[in-house]
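Listed here are the chains, written in short residue letters.
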Amino acid sequence: MELHVTPMLALLREHHLLDHVSNLTDFTATAVSYDSRRVEQGTLFFCKGNFMPKYLAMANEKGAIAYVAEQEYPEGQGLPAIIVKDEQKAMALLGAAFYGFPQNDLFIIAITGTKGKTTTAYFADHILKRATDDHVALFSTLDRVLGNQPGDKFKSDLTTPESLDLFHDMRAAVNNGMTHLVMEVSSQAYKKHRVYGLHYDVGIFLNITPDHIGRNEHPTFADYLHCKEQLLVNADTCVINAETQHFTDVYYTAKATTQPENIYLFARHGAKVDLPDDRQLDFEYRNDLEDLHESEFELAALSDRARHLGLDHRYTTSVPGDYNEGNAVAAVIASGLAGAKAEDAAATLNHVHIRGRMEMLTTKHHGTIYVDYAHNYASTKRLLAFLKRQTNAGKVTVVLGSAGDKGISRRPGLGKGLTEEHPERIILTTDDPGFEDPMKIAKEIDSYIDHEQVGTVQFIMDRASAIKQAIDGSTDGDIVVLAGKGEDPYQKIKGVNTPYASDSKIAHDYIDEIEK
């Protein structure tokens, strides 16, 4: 891969991003990086994010050929300086160009929503693997899959990575023979321009509820919603859950850039949806069966264009929870638009397993343990309501916390959700506290709990100890819900990813220990 300076500057001018150039020479970049530790001879270096001038000095010493920044730095003395109006946007554009615009060689399904992105991504990935004979890449919160060899799969560190990493991985996927890509797109990806200039074949909008609002994320809900909606603006075809809050705003955002015939709406049978006068639902689904192991639903096409996809069928999913049926429907429709058949979905949806999503651990004498990533009002309330409805549980114990430095708006919602579902025991603990005091976070959540509506509330800041005490205090017929972290292998503490065994492993190992 390489990028010559002439098309580089032309691309920046085309997007009105170029401010000026200093020390211009006729150069060709043979590598790109925003990490000075990874700079090699011939690297175009980007001064982004938490940049410090000493990083540019290091890049210069290691052989950088030029740098891109929003201002000139003495540390880049002697290097061509490409000064831009927005460094993040410039990095996305030039990253795509350096890697040869790999998105043009992929059919891309992009997914956004406050909840359900990962589940939907895994559903679509499984369907398309069958439909394309394993030519699907996956960029999810949990995993990044670039091909079919063991070295092509690794754990993700961000839902949507930095633009240079994103286009690097897309190029690797194309080189590995992948023809399709299923990717989650976070609101932060648009807030920080990680996907600037990227276009999708199909964009899925699942839902929107207040989340990720705080000093280090979105300043307001309106900003959060705007960033989420940008996925629809950048999609050729849109698939929207018509039951989402703020549906009218979401729909007309999509309609502003997408022809109405390329917008597919779906909802649960009997749901109250506020459709425009000129629109009808394209699909509806009806729940037929649900238990702790699977859900079954019937999908029916209502419009001519929906019927043309041939997706009417009865489907069974192995990811329990009636709230996951909408995620499955979105995946079926999007995969159908990518060329999959109903048979592909019917044959694969009941074989999907997602680490840390509704994992169930049984014990001999301490009830049943459920591990899930639920971390805000909507997901926590729906999880607890579903489990209580399905299990006729005895005592319900919930272990949870909330992240520090971000998602601050979640804390009142967690207190509200716990109040509304009346667990007999709540243990508030640590969950990625960052630079905040975890006890202070727990106390804030507690301040929103109506103590007359719940049982006991405890504070145990060591998460492993909290999990063990929750299990110790449960007996036959009880359930323990470990919410928020799932299979996350670390805690984010004071800027450091501190190794953590994961909720699943701690619970599994402790059950083995006490039941031997």
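That block above? That's the structure.
Predicted, not measured: the structure shown is a model, and the values here were computed from it. (Residues numbered from 1 in each chain as written. Predicted model: local features only at pLDDT ≥ 70, side-chain atom pairs only at ≥ 80, totals over all residues. Heavy atoms only, no water.)

Peer 1: Whenever I open this one, the environment of Val 21 confuses me. Can you help?
Peer 2: Following the sequence through the fold, Val 21 ends up in strand β2 (residues 18-22). Counting along the chain gives 59 residues from Val 21 to Pro 80, while the straight-line C-alpha distance between them is 7.1 Å. If we skip the residues at most four places from it in the chain, Val 21 touches Leu 9 and Ala 81. (Helix = DSSP H or I, 4+ residues; strand = E, 2+ residues; numbered from the N terminus. Contact = heavy atoms within 4.5 Å.)

Peer 1: Is there a simple way to think about the pairing of strand β24 (residues 479-483) in this case?
Peer 2: Looking along a regular strand, one sees the side chains alternate between the two faces of the sheet. The element β24 is largely enclosed, with a buried count of five among its five residues. Covered by surrounding structure in β24 are Ile 479, Val 481 and Ala 483 together with Val 480 and Leu 482, the residues of both alternating faces. Of the pairings in the sheet, the one linking strand β20 (residues 368-372) to β24 comprises five bridges and is parallel in character. In the strand pairing of β24, Thr 368 is matched with Ile 479. Note: strand β21 (residues 396-400) against β24, four bridges, orientation parallel. Its bridge partner lying in β24, Val 398 is registered against Val 481. (Buried < 20%, exposed > 50% of the residue type's maximum accessible area, 1.4 Å probe, protein only. Pairing = 2+ DSSP bridges.)

Peer 1: Please clarify how the state of the cysteines should be interpreted in this entry.
Peer 2: Working definition: the covalent bond between the sulfur atoms of two cysteines is a disulfide. In total, this model carries zero disulfides according to the counting rule given. Left unpaired, Cys 227 is separated from the closest cysteine sulfur, that of Cys 238, by 17 Å. (Disulfide = S-S within 2.5 Å.)

Peer 1: Please explain the layout of surface pockets as it appears in this structure.
Peer 2: Unfilled space is identified by rolling a water-sized probe across the atoms. The calculated volume of the second largest pocket comes to roughly 660 Å³. Lining the second largest pocket are 25 residues; nearest its centre among them are Lys 115, Asn 207, Thr 209, Ala 378 and Arg 382. Looking at the lining of the second largest pocket, the elements that each hand over two or more residues are α10 (325-337), α12 (377-391) and α13 (410-421). Residue contributions to the lining of the second largest pocket peak at four residues, all from α12. Its residues placed into classes, the lining of the second largest pocket shows seven nonpolar, ten polar and eight charged. (1 Å grid on protein atoms, 1.4 Å probe; cavity = no way out; pocket = protein on both sides within 12 Å on 5 of 7 lines; lining within 4 Å. Points joined across faces, edges and corners; volume = space filled by probe spheres on them. Nonpolar A, V, L, I, M, F, W, Y, C, P; charged D, E, K, R; others polar.)

Peer 1: What am I meant to see in the pattern of salt bridges here?
Peer 2: Any two side chains of opposite charge can pair, on the condition that their charged atoms come close. Applying the stated criterion across every chain, the model contains 23 salt bridges. Between Lys 485 and Asp 432 there is a salt bridge; the shortest N-O distance is 3.0 Å. Residue Lys 485 is located in the loop between β24 and β25 (490-493), and its partner Asp 432 is located in the loop between β22 (425-428) and α14 (438-447); the two are separated by 53 residues in the primary sequence. In this structure Lys 485 comes out as buried when scored by relative accessible area, which is 0%. Accessibility expressed as a relative area gives 12% for Asp 432, which makes it buried. Members of the salt-bridge network, linked through shared partners, are Lys 381, Lys 388, Glu 420 and Glu 421. (Salt bridge = Lys/Arg side-chain N within 4 Å of Asp/Glu carboxyl O.)

Peer 1: How do you make sense of the sheet that holds strand β6 (residues 64-69) when you look at a structure like this?
Peer 2: The strands making up a sheet associate through hydrogen bonds between their backbones, and the pairing can be parallel or antiparallel. Within the open sheet, the five strands sit side by side as β2-β7-β6-β5-β4. Their pairing is mixed. With one partner strand each, in any of the chains shown, β2 and β4 (31-33) form the two edges of the open sheet. The mean inter-strand angle of the sheet, taken between neighbouring strand axes irrespective of direction, is 20 degrees. When strand β5 (residues 43-46) meets β6, the two strands line up parallel, connected through four bridges. Bridging from a neighbouring strand, Phe 46 pairs with Val 68 of β6. Helix α3 (residues 87-98) contacts β4, β5, β6 and β7 (81-84) of the sheet and is inclined by roughly 155 degrees relative to β5. (Axes fitted to C-alpha atoms, helices over the stretch in contact; angles between N-to-C directions.)

Peer 1: Please explain the environment of Gly 321 as it appears in this structure.
Peer 2: On the secondary structure map, Gly 321 appears in the loop between β18 (313-317) and α10. When its relative accessible area of 0% is taken as the criterion, Gly 321 is described as buried. Put simply, Gly 321 and Gly 495 are 174 residues apart on the chain and 35 Å apart in space, counted from C-alpha to C-alpha. When near neighbours in sequence (up to four residues on either side) are disregarded, Gly 321 contacts Ser 295 and Phe 386.

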